[in-house]
Amino acid sequence: MNFLRGVMGGPSAGPQPSGAETIQKLCDRVASSTLLDDRRDAVRALKSLSKKYRLEVGIQAMEHLIHVLQTDRSDSEIIGYALDTLYNVISNDLEEEEQEENLPKQVDDLGSQFTEIFIKQQENVTLLLTLVEEFDFHVRWPGVKLLTSLLKQQGPQVQQIILVSPMGVSRLMDLLADSREVIRNDGVLLLQQLTKSNAAIQKIVAFENAFERLLDIITEEGNSDGGIVVEDCLLLLQNLLKNNNSNQNFFKEGSYIQRMKPWFEVGDDNCGWSAQKVTNLHLMLQLVRVLVSPTNPPGATSSCQKAMFHCGLLQQLCTILMATGVPADILTETINTVSEVIRGCQMNQDYFASVNAPSNPPRPAIVVLLMSMVNERQPFVLRCAVLYCFQCFLYKNQKGQGEIVSTLLPSTIDATGNSVSAGQLLCGGLFSTDSLSNWCAAVALAHALQENATLKEQLLRVQLATSIGNPPVSLLQQCTNILSQGSKVQTRVGLLMLLCTWLSNCSIAVTHFLHNPANIPFLTGQIAENLGEEEQLVQGLCALLLGISIYYNDNSLENYRKEKLKQLIEKRIGRENFIEKLGFISKHELYSRAAQKPQPSFSSPDHMMFDHEFTKLVKELEGVISKAIYKSSEEDKKEEEVKKTLEQHDNIVTHYKKVIREQDQELEELKQRLNTLTSQNEQLQATVTQQVSQIQQHKDQYNLLKVQLGKDTQHHNSHSDTFQMNGIQTEEVSKLKEEVEEWKSKHELLQGQLKEKESVIEKLKSSHLEMGTDQSSQTSRSGSLEHNNELQKELEMLRSQMQLQSAEISKLQMENQKLQVMNTSVDAVSGESSAVAANSSEILGRLEQEIQELKSEVKALSAEKEALKQHLDSSSSTVAILQDEKSKLQQEVAESKKEQDDLLVLLADQDQKLSALKIKLKDLGVPVEDEDDIESGDQGDEDEDGDEEEQD
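Here we summarise the structure given alongside this text. Just so it is clear, the model here is predicted, and its values are computed rather than measured.

The rules we used
Numbering of residues starts from 1 in every chain and runs along the sequence as written. Given that this is a predicted model, residues contribute local features only at a pLDDT of at least 70 and side-chain atom pairs are listed and counted only at 80 or more, while totals for whole chains, interfaces and linings are drawn from all residues. Just so you know, side-chain values use all the structure's heavy atoms and leave hydrogens and water out. Two kinds of site are reported from a 1 Å grid over the protein atoms alone, namely cavities, where a 1.4 Å probe fits but cannot get out, and pockets, open sets with protein on both sides within 12 Å along at least five of seven lines, and residues are called lining when an atom falls within 4 Å of a point. Grid points are joined across faces, edges and corners, and a volume is the space filled by probe spheres set on the points. In this text, helices come from DSSP runs of H or I with a minimum length of four residues, and strands from runs of E with a minimum of two, each type numbered from the N-terminal end. Three classes are used: nonpolar for Ala, Val, Leu, Ile, Met, Phe, Trp, Tyr, Cys and Pro, charged for Asp, Glu, Lys and Arg, and polar for all others, with Gly counted as polar. Ring pairs are drawn from Phe, Tyr and Trp, using the six-membered ring of Trp, whenever the two centres fall within 6.5 Å, and their geometry is named by plane angle: stacked under 30 degrees, edge-to-face over 60, tilted for the rest. Residue burial is assigned from relative accessible area. The probe radius is 1.4 Å, only protein chains are included, and a residue is buried under 20% of its type maximum, exposed over 50%, and partly exposed in between. The rule for a charge over a ring is simple: NZ of Lys or CZ of Arg within 6 Å of the ring centre, and within 35 degrees of the ring normal. One speaks of a salt bridge when a side-chain nitrogen belonging to Lys or Arg is within 4 Å of a carboxyl oxygen belonging to Asp or Glu. Angles here are taken between N-to-C directions and fall from 0 to 180 degrees, while the axes themselves are lines fitted to C-alpha atoms, restricted in helices to the stretch in contact. Angular relationships are summarised with four words: roughly parallel below 35 degrees, roughly antiparallel beyond 145, roughly perpendicular across 65 to 115, and oblique for the angles in between. Less than a right angle of anticlockwise turn of the near helix away from the far helix marks a crossing as left-handed, whereas a clockwise turn marks it as right-handed. Here, two residues are considered to be in contact whenever any of their heavy atoms come within 4.5 Å of each other. Disulfides are defined as pairs of cysteine sulfur atoms found within 2.5 Å of each other. Surface patches are defined over residues having more than 30% relative accessible area and no salt bridge, joining like charges when they lie within 9 Å and nonpolar side chains (Val, Leu, Ile, Met, Phe, Trp, Tyr) when within 5 Å. Throughout, the Shrake-Rupley method with a 1.4 Å probe supplies accessible areas, and for residues the shown protein chains are the sole cover considered. For the purpose of counting charges, residues Lys and Arg are taken to be positive, whereas Asp and Glu are taken to be negative. His and the chain ends are not included. To locate a charge, take atom NZ for lysine, CZ for arginine, CG for aspartate or CD for glutamate.

1. As for the layout of surface pockets
One simple way to see leftover space: roll a probe sized like a water molecule over the atoms. Taken as a whole, the second largest pocket holds about 370 Å³ of empty space. Around the second largest pocket sit 17 residues that line it, and Lys242, Arg289, Ser293, Thr295 and Glu340 are the ones nearest its centre. Secondary-structure elements contributing two or more residues to the lining of the second largest pocket are helix H16 (275–291) and helix H19 (328–342). The dominant element in the lining of the second largest pocket, judged by the number of residues it contributes, is H16, at 3 residues. Grouping the constituent residues of the lining of the second largest pocket by class yields 4 nonpolar, 8 polar and 5 charged.

2. Section: the packing of aromatic side chains
Counted by the stated rule, this structure contains 13 aromatic pairs. Measuring from ring centre to ring centre gives 5.0 Å for Phe211 and Phe251, while their planes differ by 85 degrees; the resulting arrangement is edge-to-face. Here the residue Phe211 occupies a position in helix H13 (residues 210–220), and Phe251 occupies one in helix H15 (residues 245–253), the gap between them amounting to 40 residues. Each member of the pair, Phe211 as well as Phe251, is classed as buried. Between Phe211 and Tyr256, the ring centres sit 5.8 Å apart and the planes meet at 55 degrees, which makes this aromatic pair tilted. Here Tyr256 lies in the loop between H15 and H16 and Phe211 lies in helix H13, a separation of 45 residues in the sequence. Accessibility expressed as a relative area gives 0% for Phe211, which makes it buried. Classification of Tyr256 as buried rests on a relative accessible area of 7%. A connected cluster of aromatic rings, assembled from ring pairs, spans Phe207, Phe211, Phe250, Phe251 and Tyr256. Of note, Lys145 hangs over the ring of Trp141, and the distance from its end group to the ring centre comes to 4.1 Å.

3. With respect to the pattern of salt bridges
All chains considered together, the criterion is met by 25 salt bridges. With a closest N to O distance of 3.3 Å, Arg40 and Asp75 form a salt bridge. In this pair, Arg40 sits in helix H3 (residues 36–49) while Asp75 sits in the loop between helix H4 (54–71) and helix H5 (76–90), placing the two residues 35 residues apart along the sequence. Summarising the burial analysis for this pair, Arg40 and Asp75 share the class buried. Of the charged contacts in the structure, one is a salt bridge between Arg73 and Glu134, with a shortest N-O distance of 3.6 Å. Placement of the pair is Arg73 in the loop between H4 and H5 and Glu134 in the loop between helix H7 (122–132) and helix H8 (137–153), with a sequence separation of 61 residues. In the salt-bridge network here, residues are joined through shared partners; they are Asp37, Arg40, Asp41, Arg44, Asp75 and Glu77.

4. What about unusual backbone geometry?
Positive phi, normally seen in glycine, also occurs at Ser197, with a value near 55 degrees. With respect to the helices and strands, the residue Ser197 is situated in the loop between helix H11 (181–194) and helix H12 (199–207). Look at Ser197 and you get exposed, because its relative accessible area is 79%. Although it is not a glycine, Asn243 sits at a positive phi angle of roughly 55 degrees. Tracing the backbone shows Asn243 in the loop between helix H14 (228–241) and H15. According to the relative accessible area criterion, Asn243 is exposed, its value standing at 64%.

5. Some words on the packing of H3 against H4
Contact geometry for H3 and H4: axes closest at 11 Å, N-to-C directions at 150 degrees. Considered as vectors, H3 and H4 are oriented roughly antiparallel to each other. The handedness of the crossing between H3 and H4 is left-handed. Along the contact surface, H3 presents Val43, Leu46 and Leu49, while H4 presents Arg54, Val57, Ala61, Leu65 and Val68.

6. Digging into the state of the cysteines
Such a bond, covalent and formed between the sulfur atoms of two cysteines, is termed a disulfide. One pass over the structure, following the stated rule, counts 0 disulfides. Note on Cys542: no disulfide assigned, nearest cysteine sulfur contributed by Cys500 at a separation of 8.4 Å.

7. A look at a negative patch on the surface
Together, Glu662, Glu666, Glu668, Glu669, Glu892, Glu895, Glu899, Asp901 and Asp902 give the surface a local cluster of negative charge. Breaking the negative patch down by element, the ones donating at least two residues are helix H37 (633–722) and helix H40 (827–924). Among the elements that make up the negative patch, the one with the highest residue count is H40 (5 residues). The residue Glu899 is located in helix H40 in this model. Take Glu899: its relative accessible area is 44%, and that puts it in the partly exposed class.

As structure tokens, then:
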């Protein structure tokens, strides 16, 4: 212990040992000491020296520290010291006062080298994962920090080791559920490093319920008002979702998008936001953009956009967009976020068009944003964001494009001038003195015309009043006038991009452009000159515009036919020189940057030259214009003839397709009718079969009733014949009278029951009379069967009661015979007994009468059975009629199929002719589009037709 005191700073008489010697002695003590306390003290001393003597401790003590982790796991204190020491050796996070100017590079190298030594044995990382599972704070927290430092130094290698380790990622996910905030927060930092650029680990972490836990932490910390923990959670969420389609889909399907809405709830007073809140909200907006990024698969992006609209997230973002007091960087990022949420989604675009700013009078949000875009006093990044928002609003949105262009047309302009429209703002920006406003307005107007030939023609009607007293000029003419005036390069590039987009695929616009005699000489003059590098871009765009004027020229102007324009290029410019100037566009550095992503992002206003959608147009037209320049007039004529022939054949094919579709519809209707009649026929056959079985059951029941009624009649007659009385004593006679009274009451009960049965039979008769030829007779017959069953049960009960009565009567007869032997002087009593006998005979007579009535009811039921047979015959005739109709429909189907085969033969002949013409075109060097591209709109219909023919 004296040695340790000397190491820790106690008094010593001899010379002080060097740091390396002290570390060597401590390492020996760790390796050789048998007492745990000695080893613990030695490791604690190494920890205290590890920051100052990082290199020496790392070289000499790392192996011993790893051995301590393996052998002394029962003592949490020494494990904690060992982990802290390793962290100090491997980590580059030194104290500020210890850092020197020449140290950082050496520090980075040391941390990377020590990490490589530690992970060389994969068992060390596995051991560290096991220690992180320990709940003890002094073990778990240093273990988390050490593992995080390893991932920072050698991320991919450590990720691979953890990935192949059993339950490696799952063990680390438990850190998010730790109740101690220090460990939970450092666990978030650990998962940040673990999930960087590793899609496999990202998926495992996501399916370990990471989204739920992280969103809970963000909510507990106060959403955007939370501290740096919220920032760390948002960074981890970005790691899990960015460029990971599987996790994005899981996030959407788990309804986690709905939980993002409370993040963007802002109050009326937005002044004094803290820097942390701004950072948090910025990351939250970036997270939304990750889900709807244009680089994601279109289907995934569309589903997320719809979910954001339905949960109210888009509405919340628009509220921030129109709020006052929001910091500029948050407002810019919000505009970019709204842009991508509405991009290409018609439902979201329609909602955004309906948003109004809280002004008096209210103005559409689009107008307010455009006012910022053309205002040169606004920040550059904000103007770029507004342009991106306008582009996303018009992307694949013909309705929105029409609304913007309509604000420029003469019939819709507000004559009072009380409100400013989007079209007026674009025209104002297009012709302002600010070159950046010129460029933004030109690109915005080009997006309003993108892939919409109708609007390109309508925009030709726009007239502008340039000055008082001068006649108005068209928008197209004004653009060319500004070009010829030699304005700034940025302005000319924007106007040339607008004109190229406007004239492409619109022959009428090309004719209007060529109608001005000054345009072609200006373009050829610009292309032919040898200018500096700054003007090369303008020359390339002029060459592109001239090429579009040739390629989409319909030869309606005699002086500017295709052939004459080609000759003009040959004489004044030269074909090779023209192609070279045309190639200046795609070779430009700014062109390559703009082609990478849709969002306009420029380091400075001077670099704002190209638009993303325009780069697509250049790629599409550069090749075809080059070919068109080298074509001769004869080739052009042949191409025109072939195009006309192809149009005629296309019309014929379209006509036959229409006929085939109509016949397919008729055939489908006939099939549906056939299926309906077939099902009706099957139902009727099943009904007939059921009715036949019910009639057979009725027959069997009627036969059983007849047999049973005959037996009961014979039994009662035998009892009446054998019933005799001779003499009874007085007391016995009184008893007999009482019994007779009881039998009378029973008889009255039987009569009441018989009356009830009679009412049931009457109801049964009425139900049978109401039955007709309707199919509902099945239900009535089933009801009559139930009543007959009840009647049979009641008759059986009556028979059993009658048998009991006959047995009692026989007993009475036996007693009368005995009394007659004992006493012969009972004349008066004999008279009474004869009266009793008469009463009994009267009862039996009534029973026989009721039995006769039941027989008559059986006859009535037999008559009803005959009526059911007649109904069965009528149903059979209906089935025969339906079979005749079925055969007729089958004949009609066969005829329709024959007509369709004839039409298909005609169509095959037309296709052969069309293929021959296409081969001729290819031989002539004319580019011919494939049939799949030409008939893309009808492809789905043809597939359906083919499937139906195969089924037939």
